[in-house]
Amino acid sequence: MVRVLKPERLAFFAYFLLAGVLLGLGLVLSRFYLPLGALFLALGAVGFVALLFYSRAFTYYLTNKRILLYRKFITISSRNIQYDDLSDVVVQQGILGRLFGFGNVIPITKSGLGLGMWGWQAGGGWRAGGSIVVGGPVSGEVIPFASPSTCLFGVRNPFEIKDLIFKHQEEYAEAPYLKRIAKAVEKSTAPKGKHCPSCGSPVGVKGARYCPSCGKELKG
């Protein structure tokens, strides 16, 4: 079973907003200094068109064995996440997501995929010769990080998708045990001794050439 998911365009609203800001700045600056205004207009227009394609470049596949994250935009990127590598699944849903029914489903793996650092670094000092050395301790926390290339970004019904991932994960974990149980049952219920290929009756006489039930010749 395969579930195919695509991001909603509204999930890229912040990106489109930035392109709109560049277009607005270009229009304003064109009245005072045309070359600079034209530059911002070009950047905004190119960014807006690129976002139209970028927002449709991602496809996510949920199967009963893995999650596949696929991107085709200028270059091609493909990432597989096995269910036995998952440690958690986080849903992020902003205001627009709650209004229109979409959100980010972030699979967090044991290797740290789906996590990012949120924090700050500051400091300063002097060394011999009077040069300033900038640096200092890092403070922050590890949090789930949503990126179109590393999570199911802006998909509809995110909580339903999260439940589906957990369901597939449980089935994936149970599969080896169920196979071993099925083999054990098959072995215990397998017929013992020779049987007639025609009627299936047991042949109790060793070396018999004919079935005692139907009389057909026994081969082999």
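Residues numbered from 1 in each chain as written. Predicted model: local features only at pLDDT ≥ 70, side-chain atom pairs only at ≥ 80, totals over all residues. Heavy atoms only, no water.

Chemist: For the side chain of Thr 59, give the residues involved together with the corresponding values.
Modeler: Mapped onto the secondary structure, Thr 59 falls in strand 2 (residues 58-62). Judged by its relative accessible area of 11%, Thr 59 falls in the buried class. A polar contact is formed between the side chain of Thr 59 and the side chain of Lys 6, at a distance of 3.1 Å. The residues contacting Thr 59, other than those within four sequence positions of it, are Val 4, Leu 5, Lys 6, Leu 68, Leu 69 and Tyr 70. (Helix = DSSP H or I, 4+ residues; strand = E, 2+ residues; numbered from the N terminus. Buried < 20%, exposed > 50% of the residue type's maximum accessible area, 1.4 Å probe, protein only. Polar contact = N/O pair within 3.5 Å; in protein donor to acceptor, adjacent residues only side chain to side chain. Contact = heavy atoms within 4.5 Å.)

Chemist: So what's going on with the packing of helix 1 (residues 13-30) against helix 2 (residues 34-54)? Residues and values would help.
Modeler: At a minimum axis separation of 7 Å, helix 1 and helix 2 run at an interaxial angle of 160°. By the criterion of interaxial angle, the relationship of helix 1 to helix 2 is roughly antiparallel. Seen from above, helix 1 lies across helix 2 with left-handed handedness. (Axes fitted to C-alpha atoms, helices over the stretch in contact; angles between N-to-C directions. Parallel < 35°, antiparallel > 145°, perpendicular 65-115°, else oblique. Left-handed = near helix turned anticlockwise from the far one by under 90°.)

Chemist: Explain a nonpolar patch on the surface to me, and be specific about the residues and the numbers.
Modeler: A surface patch of nonpolar side chains, amounting to about 950 Å² of accessible area, comprises Leu 10, Phe 13, Leu 17, Leu 18, Val 21, Leu 25, Ile 95, Leu 96, Leu 99 and Phe 100. Taken together, the elements giving at least two residues each to the nonpolar patch come down to helix 1 and helix 3 (95-100). It is helix 1 that contributes the most residues to the nonpolar patch, 5 residues altogether. Here Leu 96 is to be found in helix 3. (Patch = residues over 30% accessible without salt bridge, like charges linked within 9 Å, V, L, I, M, F, W, Y side chains within 5 Å. Areas by Shrake-Rupley, 256 points an atom, 1.4 Å probe, with all protein chains shown as cover. Salt bridge = Lys/Arg side-chain N within 4 Å of Asp/Glu carboxyl O.)

Chemist: How would you explain the packing of aromatic side chains if you had to name every residue and give the values?
Modeler: Taken as a whole and assessed by the stated rule, the structure comprises 7 aromatic pairs. With 5.4 Å between their ring centres and 70° between their planes, Phe 16 and Phe 48 make a pair best called edge-to-face. Within this pair, whereas Phe 16 is found in helix 1, its partner Phe 48 is found in helix 2, the two being separated by 32 residues in sequence. A residue is classified by how much of its surface remains accessible, and Phe 16, at 15% relative accessible area, is buried. Consider the rings of Tyr 54 and Phe 58, whose centres lie 5.1 Å apart with planes at 90°: the pair is edge-to-face. The class for Tyr 54 is partly exposed, based on a relative accessible area of 22%. Through pairs of rings, three or more aromatic residues link up here, namely Phe 12, Tyr 15, Tyr 54, Phe 58, Phe 73 and Phe 153. (Phe/Tyr/Trp six-rings, centres within 6.5 Å; stacked < 30°, edge-to-face > 60°.)

Chemist: Help me get a handle on the sheet that holds strand 3 (residues 66-73), residues and values and all.
Modeler: Sheet architecture is open: 4 strands sit in the order 1-2-3-4, paired in antiparallel fashion. One side of each edge strand has no neighbouring strand; the edge strands of this open sheet are strand 1 (3-5) and strand 4 (75-82). Taken pair by pair, the neighbouring strands of this sheet meet at an average axis angle of 15°, ignoring direction. Direction of pairing for strand 1 relative to strand 2: antiparallel, over a ladder of 3 bridges. When the sheet's bridge partners are listed, Arg 3 is paired in strand 2 with Leu 62. (Pairing = 2+ DSSP bridges.)

Chemist: I'd like a rundown of the pattern of salt bridges, residues and numbers included.
Modeler: In total, this model carries 2 salt bridges according to the counting rule given. For Arg 3, the salt bridge is made with Glu 160, and the minimal N-O distance between the two is 3.3 Å. Here Arg 3 is found in strand 1, whereas its partner Glu 160 is found in helix 4 (residues 158-189), with 157 residues between them in sequence. Look at Arg 3 and you get partly exposed, because its relative accessible area is 30%.

Chemist: Pulling in residues and values, what's your account of helix 2?
Modeler: With 21 residues, helix 2 extends 29 Å between its outermost C-alpha atoms, agreeing within 8% with the 30 Å of an ideal straight helix rising 1.5 Å per residue. By the burial criterion, the buried members of helix 2 are Gly 37, Gly 44 and Leu 51. Down the axis of helix 2, the smallest arc covering the buried residues is 65°, so these residues share one side. For helix 2, the exposed residues lying more than 90 degrees away from the buried face are Leu 34, Val 46 and Phe 53. Close packing links the buried residues of helix 2 with helix 1. (Expected span 1.5 Å × (residues − 1). Arc of directions from axis to C-beta.)

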